Amino acid sequence: MDTIAAALGVPAEDVARVHELAGDRPSAPLPPITAAPELLDHLGVHPDDAAEILAGWPHAGSPLWTPELRWLLDRTIALVRADLGGNEWLLPGPELDRDRGLAWRHLYVYAYLAEVGVVRQYHREHGISDEVSWTTLADLGRNLAVDRRMRGEGWPVMQAWLTLHARGGIYELGRLQHQRGGTAISLHIADAGPLSPALVDASLDEARAFFPAHFPDEPYTAFSCGSWLLDPQLMEYLPEASNIIRFQRRFTLEEPYEQPEGLDPDVEVRRFVFRDLTTPLEALPRRTALQRAALDHWNAGRHWHWRTGRFPLA
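Quantities reported herein were computed from a predicted structural model and do not represent experimental measurements. (Residues numbered from 1 in each chain as written. Predicted model: local features only at pLDDT ≥ 70, side-chain atom pairs only at ≥ 80, totals over all residues. Heavy atoms only, no water.)

S.K.: Give a description of the overall build of the protein chain that names residues and reports values.
M.R.: Within the protein chain one finds 13 helices and six strands. Expected size for 314 residues packed as a compact globule is a radius of gyration near 20 Å; at 20 Å, the protein chain falls within 12% of this value. Dimensions of the protein chain, computed from C-alpha atoms along their principal axes, come out at roughly 60 × 50 × 35 Å. Pairs at least 24 residues apart make up 70% of the contacts formed inside the protein chain by residues separated by at least 6 positions. With the model as given, the accessible surface of the protein chain reaches about 14400 Å², and the carbon-plus-sulfur share is 55%. When the 30 positive and 44 negative side-chain charges of the protein chain are each reduced to one mean point, those points stand 4 Å apart. (Helix = DSSP H or I, 4+ residues; strand = E, 2+ residues; numbered from the N terminus. Rg over C-alpha atoms; globule rule 2.2 N^0.38 Å. Contact = heavy atoms within 4.5 Å. Areas by Shrake-Rupley, 256 points an atom, 1.4 Å probe, with all protein chains shown as cover. Lys, Arg positive; Asp, Glu negative; His and termini not counted. Charge placed at Lys NZ, Arg CZ, Asp CG, Glu CD.)

S.K.: Run through the pairing of strand β2 (residues 176-179), naming residues and quoting values.
M.R.: In β2, alternate side chains face the same way, and those of Leu176 and His178 on one face and Gln177 and Gln179 on the other are all buried. As paired strands, strand β1 (residues 170-173) and β2 are joined by four bridges and run antiparallel to one another. Within the sheet, the bridge partner assigned to Ile170 lies in β2 and is Gln179. Joining the antiparallel neighbours β1 and β2 is a turn of two residues, in which Gly174 adopts a positive phi near 70°. The pairing of β2 with strand β3 (residues 184-189) spans four bridges and is antiparallel. Looking at β3, one finds that Gln177 is bridged to His188. (Buried < 20%, exposed > 50% of the residue type's maximum accessible area, 1.4 Å probe, protein only. Pairing = 2+ DSSP bridges.)

S.K.: Describe the packing of aromatic side chains, and please don't skip the residues or the numbers.
M.R.: Enumeration over the complete set of coordinates arrives at 14 aromatic pairs. Relative to Trp298, the ring of Phe274 lies with its centre 6.2 Å away and its plane at 35°, an arrangement referred to as tilted. On the criterion of sequence distance, the pair formed by Phe274 in helix α12 (residues 265-274) and Trp298 in helix α13 (residues 289-299) is long-range, its members being 24 residues apart. Of the two residues, Phe274 and Trp298, both sit in the buried class. Ring pairs connect the aromatic residues Tyr171, Phe210, Phe211, Phe215 and Tyr220, which therefore count as one cluster. Just above the ring of Phe215 sits the side chain of Arg180; from NZ or CZ to the centre is 4.4 Å. (Phe/Tyr/Trp six-rings, centres within 6.5 Å; stacked < 30°, edge-to-face > 60°. Lys NZ or Arg CZ within 6 Å of the ring centre and 35° of its normal.)

Written as structure tokens, this is what we have:
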């Protein structure tokens, strides 16, 4: 494990974690490269990203793939597959230096592609339509596009996020993504256009029918959300009629609140509002009301908060 960690340039404990969680559990094969273009199209992958993925494909004997990278790919697939049906965030493996080549840049994409057949079978066993299945899994393409827009700064969070899709833990139903777990369906807001009340209502209604039909043993009683989008400070900047404020008003916030360990809401606002983590504040755009709100708040020496809330399912 120490040798593998050194070759990958990652902490030894990260490799030990993968080894412990994956153990000798079975992996899953990647689809043949001849089928990859159609699969990538199904997954919403932009042609520029698809070209890179195909160029770095882990063929047998490829000089791009060291034995250590192949070990990590195989054990990452096994690690994620072992938790099929899981509904919590899962770190699939250590953060790699993605500037070292295409294999390093897209290793976790190849792991995701290997899981597609596994999770699609899981979807079929739960009676989930092809439309919902492919729409959900196509979040891969959306997140690759975000990473490209962020000049490579977006992926470390996304590689853990996408394990929800690869294990059947989340479903995109209309405007919102709905994560299984506990007694509340957790709502996530994809970068997919306006958050209008009508679209939100339609998505919630779809979820109310979807989960009893496909996961009848999971008794959900509420919808929940954890996000900087629920920070009441936004009401100081956005009009009452804005989609974000109307979304906020659906929720009863948890009080008192604490910031989640290891999560910086200011960084999350930069990630989602500006898709940029490094540009100086004075150089960031002020094109939208939300961008202006974020910048005015920071320029006043204030910080954003991560808030959680819920409302009844019925």
